[in-house]
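Residue-level listing of the chains:
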Amino acid sequence: MYKIMHFFIVLTFYYIYPNQHYPFSLDPLGYSFNALEPYIDATTMEVHYTGHHDGYVKNLNDALKDYPELQHYTLGQLLTMLDKIPGIIRTTVQNNAGGHQNHTFFWRCMTPKMNKPSNKFLKTIKKHFRSFENFKNQFNEAAKKIFGSGWAWLCFDPGKNRLVIISTSNQNSPITDLLIPLLGLDVWEHAYYLKHKNKRASYIDAWWNVVDWSFVEENYIKAASIKSKA
Ligand code: MN3
């Protein structure tokens, strides 16, 4: 059962990001650094993308350069087989493959073209969380209470066939726990400190304005359809 589930999650991930192999590289951002102003400021976006995210990519490639046997794996495969990565590079791969996956995903979760969840997807959210407000409150709570650096997520749990809100520490990815991310929020201080200083809650409030609900729904449709074939 675990192996079948594992296979389908990796397949889902591969379907969402088909081109991610060693040597890994930064995808184009898809909008300009200032496109999410005033909610996310241009300086934060530039430092986050060209500094932090690029750093994870470089560190991941460095870690894998002497391991040709690992170089044909996708990010999704690396993140779901951490126990098979040699101990000497395992933590580096976990942190930097996670950092690369999480940030690639995060940029796609945001858009300058403001939009709302479709009625169809709202129904799905209400089915799992009673109301949209309740969903948002639960997500906000998960994001606010992360101690130190980490991420808040809305995921599809293919084992339970339902939506779940979780948080991960550092750059850990939900994929490692066999959960398929639909929406992710970076709450590392580097994501908000320049504009919001220590006020994480004000960053979270601002961020909701730039969520790309069409991307979230697309992820849900992919995850749920692959699950239904499993
Ligand atoms: Mn970050």
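Note: the structure precedes this text.
Now for a look at the structure at hand. (Residues numbered from 1 in each chain as written. Predicted model: local features only at pLDDT ≥ 70, side-chain atom pairs only at ≥ 80, totals over all residues. Heavy atoms only, no water.)

On to the pattern of salt bridges. Under the definition given, this model contains four salt bridges. The salt bridge partner of Glu 218 is Lys 222, with a shortest N-O separation of 3.6 Å. Residue Glu 218 and its partner Lys 222 are both found in helix α9 (residues 213–229); the two are separated by four residues, about one turn of the helix. Residue Lys 222 is classed as buried on the basis of its relative accessible area, which comes to 18%. (Salt bridge = Lys/Arg side-chain N within 4 Å of Asp/Glu carboxyl O. Helix = DSSP H or I, 4+ residues; strand = E, 2+ residues; numbered from the N terminus. Buried < 20%, exposed > 50% of the residue type's maximum accessible area, 1.4 Å probe, protein only.)

Looking now at the environment of Ser 202. Mapped onto the elements, Ser 202 comes out in helix α8 (residues 200–207). Judged by its relative accessible area of 30%, Ser 202 falls in the partly exposed class.

Turning next to the packing of aromatic side chains. The description of an aromatic ring pair rests on the distance of the ring centres and on the angle between the ring planes. Inspection of every chain in the model, using the stated rule, returns 21 aromatic pairs. Centre to centre, the rings of Phe 132 and Trp 213 are 5.7 Å apart; their planes meet at 65°, and the pair counts as edge-to-face. Taken together, the residues Phe 132 in helix α6 (residues 132–144) and Trp 213 in helix α9 connect sequence positions 81 residues apart. Each of the two residues, Phe 132 as well as Trp 213, counts as buried. Through a chain of ring-to-ring contacts, three or more aromatic side chains come together here, namely Phe 121, Phe 129, Phe 132, Phe 135, Phe 139, Phe 156, Trp 207, Trp 208, Trp 213 and Tyr 220. (Phe/Tyr/Trp six-rings, centres within 6.5 Å; stacked < 30°, edge-to-face > 60°.)

One open sheet accounts for three strands, arranged β2-β1-β3; its pairing is antiparallel. If you trace the sheet from one side to the other, it starts and ends with β2 (162–169) and β3 (180–186), each paired once. Averaged over all pairs of adjacent strands, the angle between their axes in this sheet comes to 20°, without regard to strand direction. Across the sheet, α6 lies against β1 (150–157), β2 and β3, angled at about 140° from β1, the strand it touches most. (Pairing = 2+ DSSP bridges. Axes fitted to C-alpha atoms, helices over the stretch in contact; angles between N-to-C directions. Contact = heavy atoms within 4.5 Å.)

Turning next to the coordination of the manganese ion. Taken together, His 48 (NE2), His 103 (NE2), Asp 186 (OD) and His 190 (NE2) make up the full set of protein donors to the manganese ion, lying 1.9 to 2.1 Å away. Taken in sequence order, the residues that donate to the manganese ion follow the motif H-x54-H-x82-D-x3-H. Overall, Asp 186 belongs to the buried group, its relative accessible area being 0%. Classification of His 190 by relative accessible area gives buried; the value is 17%. (Donors = N, O, S within 2.8 Å, 3.2 Å for Na, K, Ca; no water.)

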